[in-house]
Amino acid sequence: MLVLTGIILLGGVLAYTRLQTSLFPEITFPKIKIIADAGQQPVDQMAIMVTRPLENAIKRVPGLVKLRSTTSRGSCEISAFMDWHADIDLSKQQIESRINEVRNQLPADIQITVEKMNPSILPVIGYALNSSKRSAIELKQLALYTIKPFLSQVAGTSDIQVIGGADKEYWAVLDQEKMSRLGLTPERVAQSLNNTNFIRANGYLSDYRMMYLTITDAQLHNLDQLNNTVIRNDGQRTITLKDIADVSIHPAKQYVRVNANGKESILIGVVKQPDANLIDLSARMDQKLKALKKMLPGDVIIKPYYVQADFVNASVKSVTDCLWIGLLLAVAVAVLFLRSWKASATILMIIPVTLSLTLLALYLTGQTFNIMTLGAIAAAIGLIIDDAIVVVEQIHRTHEEHPLEQPGELVRKALHYLLKAMVGSSLSTIVIFIPFILMTGVAGAYFRVMTDAMILTLACSFFATWILLPVIYLSFSKRKEDNRPPPAVHEVKERKWVGYFIRRPLFSYLFIALLVLLSALIIPRLDTGFLPEMDEGSIVLDYSSPPGTTLEETDRMLREVERIIVADSNVATYSRRTGTQMGFFITEPNRGDYLIQLKKNRKETTEAVINELRQKISASQPALVIDFGQVIGDMLGDLMSSVQPVEIKIFGRDETVIRQYARKIAAIVGKIDGAADVFDGITIAGPSVSIRPDFAKLAAYNLNPADFQYQMQTALEGNVAGYLFDPLQMTPVRLLYRNNEHLSVSDIQNSTVQLPGGQRKPISEFAKVRLIPGAAELEREDLQNMGIVSARLENRDLGSTMREIQKEIAAKVMLPKGYTISYGGAYAEQQQSFKELLLILTLSSLLVFSVILFLFRDVRVALIILLVSVLGTSGSCLLLYLTHTALNVGSYTGLIMIVGIIGENAIFTYWQFYKSLGGKSREQSLIYAISTRLRPKLMTALGAIIALMPLALGIGTGAQLHQPLAIAVIGGFLAALPLLLVVLPTLLNLIKPKSADK
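Quick caveat, the model's predicted, so the values are computed rather than measured. (Residues numbered from 1 in each chain as written. Predicted model: local features only at pLDDT ≥ 70, side-chain atom pairs only at ≥ 80, totals over all residues. Heavy atoms only, no water.)

On to unusual backbone geometry, then. Notably, Leu-783 is not glycine yet its phi reads approximately 70 degrees, a positive angle. Topologically, Leu-783 is positioned in the loop between strand S29 (778–781) and strand S30 (784–793). For Leu-783, a relative accessible area of 32% puts it in the partly exposed group. Phi angles above zero are rare outside glycine, and His-884 is one such case at about 55 degrees. The residue His-884 is located in the loop between helix H26 (859–882) and helix H27 (889–915) in this model. On the accessibility criterion, His-884 (67% relative accessible area) is exposed. (Helix = DSSP H or I, 4+ residues; strand = E, 2+ residues; numbered from the N terminus. Buried < 20%, exposed > 50% of the residue type's maximum accessible area, 1.4 Å probe, protein only.)

Written as structure tokens, this is what we have:
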């Protein structure tokens, strides 16, 4: 067995080195996002032509739970929420299949992208690239064709995203005067370029024994060839492109702007494979970056601005430190109580063996080393120590009672005595986690990983303490025979206070009543939340400027924001995206986000920094709509239904009415204490200029609407008339008129149209030009129109904030018939999770009851132990209330755990009482049982409390995730001592055990 122990220790070390490390478990979220891009279609047409056909098609996919869509100008975003048990890959294929069935009903040029949403879609490492000498085009090409392929070689990399910079284009700026004199139109120029710039196969040629493919290569490769392209040759004159246009290399028009630490930059994001080890990937990427810097030109600087592995490493290290600190303190308590080097050494040895066995089990079951599995082990340390203490203490006590017995016989007697109680107690702590399989949603996905890890840990603890601990104990013992006089038999010291309370049950009744009263008073007043929050040290700031604001004006406003960010002493680095966002979204040019990385040794919490920045930015730039969050919290929100914890949904038929009530509700929520970043959900796409052609007048001059539109686009955006083959890419050739970047609305009305004969006529003769205000984006859920009012929380819990919001809305908002309000976001997830956790608590209690009933076959005993166990949750609630800790999924899990923990201890007490009934009265047996179990109970309670104390204090990064659970369990342990030492014997004294009847 010692060899087996050594193998387990070596296996644990090997598993530790091979376990993948990540922040959270790799969970496949049942969310699929579809983005359709149809150019610049108006919102209402987009809804009818694209969104509704796609919704109707996707709605027929099996396993669909909810369908949500956002329709904007020229694009729509549809989120399909599948059942958690659905095969997400199969669901994605079925959605794509349904979309293909209706493609012929959609616009011909539509582009549709379908993506599974999982944590791996976001970059885990971000680099900022800039240069003091190179142009934006050169820097972008360096990023695309040198840096991206080089970094892509790192194992575990899924994608290297390049955002920002400028794309290379050839601009042919047409001279309208010359074209008019020569009778040329932009369409004719484009046609000539297409007829010249091509490569095509002519067929195969057989010559002797060889076969050759013949091709006609008329491709253009450089600026000179493009300039000399023949546009027309009428026999009298050859007209080339340079005769009618100024051709040059020019940056493409950009509606995206990127900034890192105040400098125009290119952002390079590293996206990892879903099953890649984040820590290993980060280490390999760091080495690759060092090699990259050596090969880059001296003026090019690349620096990281975000490394998720730093937070993961800090979190894992923090929870690991909490685990080891708690473990060592708990062992010190055991040593202090036992005062035996042999017993203490046994406990000190068995815990590493148990942990090694647990790591081996996690590795073999395919788990990863993440904050949930680590937290499970840290939270279960108290139970691991409890198992070890119970067995060692019983062996130690047997030795005190039988000092002349040989060590092997002492161990045999101790194990035989404990067998039934040990099995029952271990089962009572394991079965409480089984009902967690009923938990759904993101909370269920993550906390099931935690409870599964706890089941593995407790099963390993039982095996190690029952099979391996005796072997370790015996290895410290020596078989001796000497002639020394036998030592005195150690008698259990009777605790007279136990008899005092047993004979006065009123004290127990009052204590029970006090716990029930405290629960009734405290539970409704507890702060409530959803998932425990962490201090990540990184902030996401989403923003939007007023609809229609130019990129330059938005950039000017954001420069003021950046002065505020830089002035904050807690900020280390930041990056900014305008016209795009992290993730997979529809983004208008007036919207974007910041990623702000805080210093590691800052004095303020992330939440405090957010509150300070929110106040300063709101005061400095009131026109900006801002929304703060933390990176990983926002990522989880994106993977769920909503990022914001507060979400109020208004359903109805008329969008105008919905928006009217959305503004009213947003005004109400904005006045609620604790609500921040309130948004009425009304997103306006920028205004547009409508040019309505007169078909009859166009026809009179031999023009059709398509020709007219082509010329209008040439005057504004320009038309791509072909591509030049560059060594690195196919570069677009864009035809456009002069001064197209500075046109105003009045300039469009005064612009001219080129007629086929060469004449130019003002546009006012062919079309009506009018200004159309921006249209609001359309939100729908399950094919019904919807408005969404959202908000975040500031220094207040979710539960009380939502109760006040619901009360105010019920009092001040009267919806018309056919309109309804529902509450979503984290609140809806919380309510669903709390219902499931209440069911889990009930089932766990019933399972503990069943174990006790099976063990002792006495309903009265089982009911008493169950009552004492459930009463222990009152201590948990009281400590949560006193520490201002929210009742969330984490702390609720702690409440469930405490039922099993108290049940486990009560089983040992009753077993001691049951075994001593033979020669003693019921009262004497109870006093003996409590006196005997006093030392192990105090050791267990103090050991568990001290082991959980580092987590409860939230020491270090990431420990806050398990802080509510630790506080709840500690509160339960504090209540457990009087319940087990006073209340339990008092209640047992009221019944006549079956053994006494015999």
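Here the narrative resumes.
Below, the discussion takes up the packing of helix H1 (residues 2–18) against helix H14 (residues 441–475). Look at H1 against H14: their axes get within 10 Å of each other, and the N-to-C directions meet at 120 degrees. In terms of their interaxial angle, H1 and H14 are classed as oblique. Here the hand of the crossing between H1 and H14 comes out left-handed. Across the interface between the two elements, Leu-2, Leu-4, Thr-5 and Ile-8 from H1 touch Phe-463, Leu-468, Val-471, Ile-472 and Ser-475 from H14. Looking at the contact of H1 with H14 residue by residue, the class counts come to 7 nonpolar, 2 polar and no charged. (Axes fitted to C-alpha atoms, helices over the stretch in contact; angles between N-to-C directions. Parallel < 35°, antiparallel > 145°, perpendicular 65-115°, else oblique. Left-handed = near helix turned anticlockwise from the far one by under 90°. Contact = heavy atoms within 4.5 Å. Nonpolar A, V, L, I, M, F, W, Y, C, P; charged D, E, K, R; others polar.)

This part covers the pattern of salt bridges. Going through the model one piece at a time under the given rule, you end up with 37 salt bridges. As a salt-bridge pair, Arg-576 and Asp-555 come within 2.8 Å of each other at their nearest N and O atoms. With a gap of 21 residues between them, Arg-576 in strand S18 (residues 571–578) and Asp-555 in helix H17 (residues 551–567) connect regions that are remote in the sequence. For Arg-576, a relative accessible area of 0% translates into the label buried. The salt bridge partner of Glu-612 is Lys-616, with a shortest N-O separation of 3.2 Å. In this pair, Glu-612 and Lys-616 both sit in helix H18 (residues 606–620), 4 residues apart, roughly one turn of the helix. Looking at Lys-616, the relative accessible area reads 40%, which means it is partly exposed. Each of Arg-257, Glu-264, Asp-555, Arg-559, Glu-562 and Arg-576 takes part in a single network of salt bridges with overlapping partners. (Salt bridge = Lys/Arg side-chain N within 4 Å of Asp/Glu carboxyl O.)

It is worth spelling out the side chain of Asp-555 at this point. By relative accessible area, Asp-555 is classed as buried at 9%. Among all residues touching Asp-555, those that are not within four sequence positions of it are Arg-257 and Arg-576.

Below, the discussion takes up the sheet that holds strand S25 (residues 730–737). Backbone hydrogen bonds are what pair the strands of a sheet, in a parallel or an antiparallel way. The strand order across the open sheet formed by 4 strands is S12-S7-S25-S24, and the pairing between neighbours is mixed. In this open sheet, the two edge strands, each paired with only one partner strand, are strand S12 (245–251) and strand S24 (719–725). The mean angle between the axes of side-by-side strands here comes to 30 degrees, regardless of whether they run parallel or antiparallel. Against the sheet, helix H22 (residues 705–715) engages strand S7 (168–174), S24 and S25, with an angle of about 100 degrees to S25. (Pairing = 2+ DSSP bridges.)

Moving on, we come to the pairing of strand S3 (residues 75–82). Of all the 8 residues making up S3, 8 are buried; the element is thus mostly covered by neighbouring parts of the structure. Across the two faces of S3 the burial is the same, with Ser-75, Glu-77, Ser-79 and Phe-81 and Cys-76, Ile-78, Ala-80 and Met-82 all buried. Bridging between strand S1 (residues 31–37) and S3 involves 7 bridges; their strand directions are antiparallel. By the bridge assignment, Lys-33 is partnered in S3 with Ser-79. Across 8 bridges, strand S2 (residues 64–72) lies against S3 in antiparallel orientation. Each bridged residue has a counterpart across the sheet, and for Ser-72 the counterpart in S3 is Ser-75. Hairpin connection from S2 to S3: 2 residues lie between these consecutive antiparallel strands, with Gly-74 at a positive phi of about 80 degrees.

In short, shape yes, function no, at least from these values alone.
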